[in-house]
Amino acid sequence: MEKQHEMEIVEQAFTLLDKEELTDAIVDEVFGLLGKVFDEDCLKQIQWGFENGLTPEQVGVYAKSDFTREQMEQIRVGFENRLSLEQVSVYAKPKFTCGQMEAIRLGFENRLSMEQVSVYAKREFIEQQMHEIRVGFENGLSMEQVAVFVKPEFGWYQMQTIRRGFEADLSMEQVSVYAKPEFTGEQMRQIRLGFEKGLSMEQVEVFARQEFTDSQMEEIRLGFEHGLTPEQVSMY
């Protein structure tokens with residue numbers, strides 16, 4: 001069925017819902033029309049929306065053949081959880097997977113601002129990356145701190161390690177030592193742990209080098225934490 005024809009059928013069905021008195025016959029006609037466009041699973045999302053008190057305008061946002069059942073669900077749940085049309089419209093786009101939609105929806109439900117959600121509501125971030133950015137804001141990180149790891153080149157675990165550094169009250173200078181794409185998540189973690197354990201910048205810089213594996217970094221870090229001098233550590 002052509003796209004234009006599908007849209008006309010959906011529009012016809014929703015026009016019937018504008019009648020002041022909705023009889024069982026009209027409702028049956030509406031879902032008969034929608035059944036020509038949507039499969040059974042998608043029809044259930046539309047039905048549940050109406051049953052849970054959504055308006056035709058709200059249901060109309062996701063009653064589109066562009067969306068999968070899972071995407072429809074994220075939009076429906078957003079409205080049911082009292083998100084505004086403006087908020088839902090941020091993620092009610094076919095380009096987002098259902099997982100990405102969920103990450104955006106949860107941000108709004110957890111009272112993040114439009115500005116904060118807009119930082120990660122971008123197609124280039126996978127849902128796990130969105131999660132790390134969202135959690136950073138929810139845990140009170142500033143826009144400046146979050147901006148350090150809001151980069152598609154960082155994997156989600158790298159983002160998490162940077163985020164946890166700020167949450168552990170590391171300074172921007174300290175986090176900047178390891179917030180570099182060339183470090184793996186585990187290498188970043190060893191550098192972060194060094195600072196969290198109270199090592200100085202001079203000590204951490206001894207092992208904050210890409211040529212060291214995360215295991216080698218750990219050995220050097222533990223040496224410093226046990227009171228070894230730079231000369232002693234350099235021997236291994």
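Small disclaimer: the values here were computed from a predicted structure and weren't measured.

**Q** Would you explain the overall build of the protein in this entry?
**A** Each helix and strand counted, the protein has 16 helices and zero strands in total. Here the C-alpha radius of gyration of the protein, 25 Å, is well above what a compact globule of 236 residues would show, namely 18 Å. For the C-alpha atoms alone, the extent of the protein along its principal axes is close to 85 × 30 × 20 Å. Of all 236 residues assigned to the protein, the portion counted as buried reaches 44%. Intrachain contacts of the protein at a sequence separation of at least 6 include 53% that bridge at least 24 residues. Of the roughly 12600 Å² that the protein leaves accessible, carbon and sulfur atoms contribute 46%. In the protein, 24 side chains carry a positive charge and 43 a negative one; their mean positions are 2 Å apart.

**Q** Honestly, the nonpolar core in this entry has me stumped. Any pointers?
**A** When a protein is soluble and globular, its nonpolar side chains tend to lie buried together. Counting residues in hydrophobic clusters, the biggest one holds 69 residues, and the most contacted among them are L34, F38, I75, I104, I133, I162 and I191. Of the residues forming this core, the biggest block, five residues, is contributed by helix α1 (residues 3–16). What L34 contacts, discounting residues up to four positions off in sequence, is V10, A13, F14, L43 and I46.

**Q** Honestly, unusual backbone geometry in this entry has me stumped. Any pointers?
**A** What you tend to see is this: most non-glycine residues have negative phi, and most peptide bonds are trans. Unusually for a residue other than glycine, R82 sits at a positive phi of about 70°. Within the secondary structure, R82 sits in the loop between α5 (69–80) and α6 (85–91). Here the phi dihedral of D169 falls at roughly 70°; this positive angle occurs in a residue that is not glycine. Of note, D169 is situated in the loop between α11 (156–167) and α12 (172–178).

**Q** Explain the packing of aromatic side chains here, please?
**A** To describe a pair of aromatic rings, one takes the distance between the centres and the angle between the planes. A complete count under the given rule lists two aromatic pairs for this structure. Pairing F14 with F50 gives two aromatic rings, centres 6.2 Å apart and planes at 45°, and the pair type is tilted. Taken together, the residues span a long stretch of sequence, with F14 in helix α1 and F50 in helix α3 (residues 40–51) at a distance of 36 residues. When its relative accessible area of 24% is taken as the criterion, F50 is described as partly exposed. Plain terms: the ring middles of W156 and Y157 are 5.8 Å apart, the flat faces sit at 65° to each other, and that makes the pair edge-to-face. For Y157, a relative accessible area of 25% gives the class partly exposed.

**Q** How should the environment of Q87 be read in this particular structure?
**A** For Q87, the location among the structural elements is in helix α6. Along the chain, Q87 and T15 lie 72 residues apart, while their C-alpha atoms are 25 Å from each other. Q87 has contacts with F108 and M114, leaving out every residue within four places of it along the chain.

**Q** Teacher, can you tell me more about the pattern of salt bridges here?
**A** Where charged atoms of side chains with opposite charge meet at close range, the side chains can pair. One pass over the structure, following the stated rule, counts twelve salt bridges. R69 is the salt-bridge partner of E73, the closest N and O atoms lying 3.7 Å from each other. Placement of the pair is E73 and R69 together in helix α5, with a separation of four residues, close to one helical turn. Each of R69, E70 and E73 takes part in a single network of salt bridges with overlapping partners.

**Q** Sorry if this is basic, but what is going on with α1 here?
**A** At 3.6 residues per turn, the α-helix brings residues three or four places apart onto the same side. With 14 residues, α1 extends 20 Å from end C-alpha to end C-alpha; this agrees with the ideal 20 Å at 1.5 Å per step. For α1, every residue scored as buried is listed here: E6, I9, V10, A13, F14 and L16. Relative to the axis of α1, the buried residues are bounded by an arc of 155° and lie together on one face. Packed against the buried residues of α1 are α2 (24–34), α3 and α4 (56–62).

Criteria and thresholds
- Residues numbered from 1 in each chain as written.
- Predicted model: local features only at pLDDT ≥ 70, side-chain atom pairs only at ≥ 80, totals over all residues.
- Heavy atoms only, no water.
- Helix = DSSP H or I, 4+ residues; strand = E, 2+ residues; numbered from the N terminus.
- Rg over C-alpha atoms; globule rule 2.2 N^0.38 Å.
- Buried < 20%, exposed > 50% of the residue type's maximum accessible area, 1.4 Å probe, protein only.
- Contact = heavy atoms within 4.5 Å.
- Areas by Shrake-Rupley, 256 points an atom, 1.4 Å probe, with all protein chains shown as cover.
- Lys, Arg positive; Asp, Glu negative; His and termini not counted.
- Charge placed at Lys NZ, Arg CZ, Asp CG, Glu CD.
- Core = buried A, V, L, I, M, F, W, Y, C linked by side-chain atoms within 4.5 Å.
- Phe/Tyr/Trp six-rings, centres within 6.5 Å; stacked < 30°, edge-to-face > 60°.
- Salt bridge = Lys/Arg side-chain N within 4 Å of Asp/Glu carboxyl O.
- Expected span 1.5 Å × (residues − 1).
- Arc of directions from axis to C-beta.

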